[in-house]
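As a plain string of letters, each chain reads:
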Amino acid sequence: MDQWTLIKELIKLTPEKKWQSGGPSWLVPTGRRDGRISSSNQASNMPSPLDPVSVQKQKFSAKGLDVHDLVTLLGAHTIGQTDCRFFSYRLYNFTTTGNADPTINQSFLELLQAQCPKNGDGLRKVALDKDSPAKFDVSYFKNVRDGSGVLESDQRLWEDPATKSVAQNYAGNIRGILGLRFEFEFPKAMIKLSSIEVKAGTQGEIRKVCSKFN
């Protein structure tokens, strides 16, 4: 599951579901005008789990989102799952060396290899947050700090000084205080995300049927 898709699913969560996951709530601006046609060609520049941080920065920047937004929105990976096929190369043949990605924590590597055996089912689901996959918290950032990021694009956040600084602030040492800060920043980033490339005037339409988002 790519970043934009996961974030879109978060937007669609009902208040009840967000509360069940322990996540924040926010007021969603209404009346946005969207296009009537969806084209796969327009999605060619979407973030990928294979993207290095430099490319992630470029893609987010192209949408008016900064490094702080990038790391904050990737925090959506605190809940949800991904497929083995999106990261199994890190476990067995990283950069065609025949070895695992050296940035993966050894005990976590063994766990992932058990969940995604070599030449196994690439569609098997694995939690993006090994510690609390159904809870919206700062565990995702602690995992990245400890070498337990599932996707390469997540783990690389700890190698870039700018993204590491933001992730480190969220992970911290005091779970409660910095956890609350993430919950405060995430809604702001989501509202900013929802304001990207809004059509105006008579362009597009104000959607009234939710199924059009599917």
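Structure's up top.
In this text the structure is predicted, and so the values were computed from the model without any measurement. (Residues numbered from 1 in each chain as written. Predicted model: local features only at pLDDT ≥ 70, side-chain atom pairs only at ≥ 80, totals over all residues. Heavy atoms only, no water.)

## Considerations on the state of the cysteines
Here comes step 1: Inspection of every chain in the model, using the stated rule, returns 1 disulfide.
Here comes step 2: Here Cys 84 pairs with Cys 116 through a disulfide, and the sulfurs are 2.0 Å apart. The chirality of the disulfide connecting Cys 84 with Cys 116 is left-handed, given an S-S dihedral of about -70 degrees. Here Cys 116 lies in the loop between helix H6 (106-115) and strand S3 (125-127) and Cys 84 lies in the loop between strand S2 (81-83) and helix H5 (89-92), a separation of 32 residues in the sequence.
Here comes step 3: For Cys 84, a relative accessible area of 2% corresponds to the buried category. (Disulfide = S-S within 2.5 Å. Helix = DSSP H or I, 4+ residues; strand = E, 2+ residues; numbered from the N terminus. Buried < 20%, exposed > 50% of the residue type's maximum accessible area, 1.4 Å probe, protein only.)

## A short note on the nonpolar core
Here comes step 1: In terms of nonpolar packing, the biggest core is built from 26 residues, with Leu 73, Phe 141, Phe 182 and Phe 186 touching the most fellow members.
Here comes step 2: Where this core is concerned, the elements lending two or more residues are helix H3 (53-61), helix H4 (67-74), helix H7 (139-145), helix H9 (161-171) and helix H10 (175-194).
Here comes step 3: Here this core takes 5 residues from H10, the largest share from any one element.
Here comes step 4: Apart from residues no more than four positions distant in its own chain, Phe 182 is found in contact with Thr 72, Gly 75, Phe 136, Asp 137, Val 138, Phe 141, Tyr 170 and Pro 187. (Core = buried A, V, L, I, M, F, W, Y, C linked by side-chain atoms within 4.5 Å. Contact = heavy atoms within 4.5 Å.)

## Re unusual backbone geometry
Here comes step 1: The backbone of Thr 96 sits at a positive phi, close to 60 degrees, despite the residue not being glycine.
Here comes step 2: Considering the arrangement of structural elements, one finds Thr 96 in the loop between H5 and H6.
Here comes step 3: Judged by its relative accessible area of 68%, Thr 96 is exposed.

## Comments concerning H9
Here comes step 1: Along H9, the residues that are buried comprise Thr 163, Val 166, Ala 167, Tyr 170 and Ala 171. Relative to the axis of H9, the buried residues are bounded by an arc of 135 degrees and lie together on one face.
Here comes step 2: At the N-terminal boundary of H9, the capping side chain belongs to Asp 160, with an oxygen 3.0 Å from the backbone nitrogen of Ala 162.
Here comes step 3: Backbone geometry just after H9 places Gly 172 at a positive phi near 50 degrees. (Arc of directions from axis to C-beta. Polar contact = N/O pair within 3.5 Å; in protein donor to acceptor, adjacent residues only side chain to side chain.)

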